[in-house]
Amino acid sequence: MKKIFVILALVLAAATLLCACSKQTKTESSAKHSNPVGGVSQSSGNTGKQTIDLTPETEAQTSLTLSDCVGTAREERFNYTDSVGNSYDFTYRIPKFLFSSSDAQSVNTAISDTYAPNFEEAQSNMKNGYSQGCYELDYEAYLFGDIVSAAVWQKYEGGSSFWRVYVLDTAGAQLDNKGILSKLGLDYDATMDTLLQLTQEDFNNSYGSFATDANREKTLSRANIEVSPLYVNGEGNLCAVVMEYVDVGGGEFPHIIEMETARG
């Protein structure tokens, strides 16, 4: 009889251990999906950071991965030496959203149309032995909660660069700045105030010693701040591509201003 009780006790202990392991596995799996996915964005200027709070809804779990949402639409390598002996070896890449929605298709068409001339020019330069102006065309994509962002940049000899940002949710709907902030549970005016403050700090650090009053005013105008496209990067931080105006180079430079988010 004692043997029977011992066996029953061992069975109950084993069942309890299996149940605990199962709960732990489920918890680890859920935590994994709540983390932001994606790369780290690049910046042509300094990056400002400020902690802001996000609502718990921001980290809503999704069964989708980044590769379910974004892929590479076009990728081409250019490897040649021009007629004056300059050697080039670079690869152009542009993204596409993998949703079947009309918004996604429209964005994909816009991306293709925008960057097709870069591919064509690089092909012509390589064929004819011409020098290359745009030496980098690439992107980074990010998934955070149900927000999918793709940041595309072009970099040119001489220091000029151009950024465009495309943001959709995982239902395939395109998001503007207000839509992104609504998803994050952030107040629009308060976020713009924060972005203005960070831009001012970044501008002073980058160009303060030789900035004209006109360029300072243009950079720090509310209109310039509000047209700066927002996206969410791989760290889960809200970012903005802000154009800063100066009397050097091309006269304007995009800066990535990053607002570090605080999540419990």
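No experiment lies behind these values; they were computed from the predicted model shown.

**A word on the sheet that holds strand β8 (residues 230–232)**
Part 1: Within the open sheet, the 3 strands sit side by side as β8-β9-β10. Their pairing is antiparallel. Looking at the sheet topology across the chains shown, the edges are occupied by β8 and β10 (252–259). The average angle at which neighbouring strand axes cross in this sheet is 30°, direction not considered.
Part 2: Here 3 bridges tie β8 to strand β9 (residues 238–245), and the two strands are oriented antiparallel to one another. Looking at β9, one finds that Val232 is bridged to Leu238.
Part 3: The strands touched by helix α4 (residues 177–184) within the sheet are β8 and β9, with β8 carrying the most contacts at an inclination of about 35°.

**What about α4?**
Part 1: Within α4 the residues assigned to the buried category are Asn177, Gly179, Ile180, Leu181 and Leu184.
Part 2: At the exit of α4 stands Gly185, carrying a positive phi of roughly 75°.

**Some words on the pattern of salt bridges**
Oppositely charged side chains can pair when the atoms bearing their charge come close.
Part 1: Evaluation of the coordinates by the stated rule reveals 8 salt bridges.
Part 2: With a shortest N-O distance of 3.8 Å, Arg222 and Asp189 are connected by a salt bridge. Pair noted here: Arg222 is in helix α7 (residues 222–226) and Asp189 is in helix α5 (residues 188–207), with a separation of 33 residues, a long-range link.
Part 3: Residue Asp189 is classed as partly exposed on the basis of its relative accessible area of 47%.
Part 4: With a closest N to O distance of 3.2 Å, Glu226 and Arg222 form a salt bridge. Placement of both Glu226 and Arg222 in helix α7 is noted, with a separation of 4 residues, approximately one turn of the helix.
Part 5: For Glu226, a relative accessible area of 31% translates into the label partly exposed.
Part 6: One network of salt bridges, in which partners are shared, links Asp189, Asp193, Arg222 and Glu226.

**Structural notes on helix α3 (residues 102–128)**
Given 3.6 residues per helical turn, the α-helix brings residues three or four places apart onto the same face.
Part 1: A rise of 1.5 Å per residue sets the reference length of α3, with its 27 residues, at 39 Å; its end C-alpha atoms lie 39 Å apart and thus fit the reference within 8%.
Part 2: At Tyr115, α3 shows its largest kink, close to 35°, and the proline Pro117 lies no more than four residues downstream.
Part 3: Of all the residues in α3, the buried ones are Ala104, Val107, Asn108, Ile111, Tyr115, Ala116, Asn118, Phe119, Ala122 and Asn125.
Part 4: Among the structural elements, β3 (70–81), β4 (87–97), β5 (134–144), β6 (147–156) and β7 (161–169) are those in contact with the buried residues of α3.

**Some points on the nonpolar core**
Part 1: By size, the foremost hydrophobic cluster in this structure holds 29 residues, and its most contacted members are Ile180, Leu184, Leu195, Leu230, Tyr231 and Leu238.
Part 2: Of all the secondary structure elements, the ones that give two or more residues to this core are β5, β6, β7, α4, α5, β8, β9 and β10.
Part 3: A total of 5 residues in this core trace back to one element, the largest contributor, which is β9.
Part 4: Residues contacting Leu195, with those up to four places away along its chain left out, are Ile225, Leu230, Ala240, Val242, Ile257 and Met259.
Part 5: Residues Tyr80, Tyr92, Phe99 and Tyr166 belong to the second largest nonpolar core, which totals 27 residues.

**As for the side chain of Thr199**
Part 1: Its place among the elements puts Thr199 in helix α5.
Part 2: Taking relative accessible area as the criterion, Thr199 reaches 0% and is therefore assigned buried.
Part 3: Ignoring any residue separated from it by four or fewer positions in sequence, one finds Thr199 in contact with Thr219, Leu220, Ile225, Val242, Glu244 and Ile257.

**Quick notes on the confidence of the model for the protein chain**
Part 1: Summary statistics for the protein chain give a mean pLDDT of 82 and a share of 75% for residues scoring 70 or more.
Part 2: Low pLDDT (under 50) marks residues 1–47, which in the prediction has 51 contacts with non-local residues, meaning those over four places away or in another chain.

**As for the environment of Tyr166**
Part 1: Within the secondary structure, Tyr166 sits in strand β7.
Part 2: Relative accessible area serves as the criterion here: at 9%, Tyr166 is assigned to the buried category.
Part 3: Put simply, Tyr166 and Ala104 are 62 residues apart on the chain and 9.8 Å apart in space, counted from C-alpha to C-alpha.

**So, the pairing of β7**
Part 1: Within β7, 7 of the 9 residues are buried, which leaves the element mostly enclosed by the surrounding structure.
Part 2: Of the pairings in the sheet, the one linking β6 to β7 comprises 9 bridges and is antiparallel in character. Paired with Ile147 across the two strands is Asp169, which belongs to β7.
Part 3: Linking two consecutive strands that pair antiparallel, namely β6 and β7, is a turn of 4 residues; a positive phi of about 100° is found at Gly158 within it.

Conventions and cut-offs
Residues numbered from 1 in each chain as written. Predicted model: local features only at pLDDT ≥ 70, side-chain atom pairs only at ≥ 80, totals over all residues. Heavy atoms only, no water. Pairing = 2+ DSSP bridges. Helix = DSSP H or I, 4+ residues; strand = E, 2+ residues; numbered from the N terminus. Axes fitted to C-alpha atoms, helices over the stretch in contact; angles between N-to-C directions. Contact = heavy atoms within 4.5 Å. Buried < 20%, exposed > 50% of the residue type's maximum accessible area, 1.4 Å probe, protein only. Salt bridge = Lys/Arg side-chain N within 4 Å of Asp/Glu carboxyl O. Expected span 1.5 Å × (residues − 1). Bend = angle between axes of the 7 residues up to and from the residue. Core = buried A, V, L, I, M, F, W, Y, C linked by side-chain atoms within 4.5 Å. pLDDT = per-residue confidence, 0-100.

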